[in-house]
Amino acid sequence: MDTLNPPPAPAPDPAPDTPGPAPTPAPAGPTCAACGSTAVVQWQRRPTDTELADAITAEESRRAYARQMADPQGPAPDFGPLPTGSDMTIAVYACGQHAISMDAAARVHASSCTAPNDADLPDCDCTPEPLPQPEPAGEPAPAPALPAHWLPGGE
């Protein structure tokens, strides 16, 4: 650096009060799987093999940590079976333009379902699982007897 000829001072920033273009805000919440805009509908599908493997790895890690942190003088932690693909669903989100039909969204789709795929809308390329059958209506359970002092006019 030359002490007799210092480098020129940097140019001042343009007026600091001058607003620049506002940044485009990122959508809040879930976004459409097809285009990334804000989602307005959601349905379920079964996990892919990779998603299931990731879930099992996370569950095994959680269980190992729980065993490590368990009181050695107490009973050992008891865990149920590891999750399977039929135990889990993955949420799929879409904007209004990429939404599947309401009837299709009410059902659980296959792990290979490509919805929301523009070519298949408003349907999908899989055969969703059937809707669960409602339980038959039986005799209503009798109402429990209330104490006399709870009834109107009861003393």
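Residues numbered from 1 in each chain as written. Predicted model: local features only at pLDDT ≥ 70, side-chain atom pairs only at ≥ 80, totals over all residues. Heavy atoms only, no water.

### Describing the state of the cysteines
Put plainly, a disulfide is one covalent bond tying together the sulfur atoms of two cysteines. The tally for this structure, following the rule as stated, stands at zero disulfides. For cysteine 35, which is in no disulfide, the shortest distance to another cysteine sulfur is to cysteine 95 and amounts to 3.7 Å. The class for cysteine 35 is partly exposed, based on a relative accessible area of 43%. (Disulfide = S-S within 2.5 Å. Buried < 20%, exposed > 50% of the residue type's maximum accessible area, 1.4 Å probe, protein only.)

### Points about the confidence of the model for the chain
For the chain, the average pLDDT comes to 84, and 83% of its residues sit at 70 or higher. Between the elements of the chain, mean pLDDT differs from a low of 90, seen in helix α2 (residues 102-105), to a high of 95, seen in helix α1 (residues 49-69). (pLDDT = per-residue confidence, 0-100. Helix = DSSP H or I, 4+ residues; strand = E, 2+ residues; numbered from the N terminus.)

### Description of the nonpolar core
Of all hydrophobic cores here, the largest spans eleven residues; its members are Cys32, Trp43, Val92, Ala94, Cys95, Ile100, Ala104, Cys113, Ala115, Cys124 and Cys126. For tryptophan 43, the contacting residues outside a window of four places in its chain are Ile90, Ala91, Val92, Ala94, His98, Ile100, Ala105, His109, Ala115 and Pro116. (Core = buried A, V, L, I, M, F, W, Y, C linked by side-chain atoms within 4.5 Å. Contact = heavy atoms within 4.5 Å.)

### Points about the sheet that holds strand β3 (residues 108-109)
The strands making up a sheet are joined through hydrogen bonds of the backbone, oriented either antiparallel or parallel. Taken in spatial order, the three strands line up as β2-β1-β3 in an open sheet, and their pairing is mixed. Each edge of the open sheet is held by one strand with a lone partner, namely β2 (90-94) and β3. (Pairing = 2+ DSSP bridges.)

### Notes on the environment of histidine 98
With respect to the helices and strands, the residue histidine 98 is situated in the loop between β2 and α2. As a C-alpha pair, histidine 98 and alanine 34 span 64 residues in sequence and 7.0 Å in three-dimensional space. Discounting residues that sit within four places of it in the chain, histidine 98 has contacts with Cys32, Ala34, Cys35, Trp43, Pro116, Asp118 and Leu121.

### Observations regarding a nonpolar patch on the surface
Taken together, the side chains of Leu146, Trp150 and Leu151 make up a nonpolar region of the molecular surface, amounting to roughly 350 Å² of accessible area. As for its placement among the helices and strands, leucine 146 is situated in the segment after β3. On the basis of relative accessibility, which here comes to 47%, the residue leucine 146 falls in the partly exposed class. (Patch = residues over 30% accessible without salt bridge, like charges linked within 9 Å, V, L, I, M, F, W, Y side chains within 5 Å. Areas by Shrake-Rupley, 256 points an atom, 1.4 Å probe, with all protein chains shown as cover. Salt bridge = Lys/Arg side-chain N within 4 Å of Asp/Glu carboxyl O.)

### Quick word on the pattern of salt bridges
Enumeration over the complete set of coordinates arrives at four salt bridges. The shortest N-O distance in the salt bridge between glutamate 51 and arginine 45 comes to 2.9 Å. The shortest N-O distance in the salt bridge between arginine 63 and glutamate 59 comes to 2.7 Å. Of this pair, arginine 63 and glutamate 59 both sit in helix α1, four residues apart, which is roughly one turn of that helix. Given the relative accessible area of 10%, arginine 63 is considered buried. Judged by its relative accessible area of 16%, glutamate 59 falls in the buried class.

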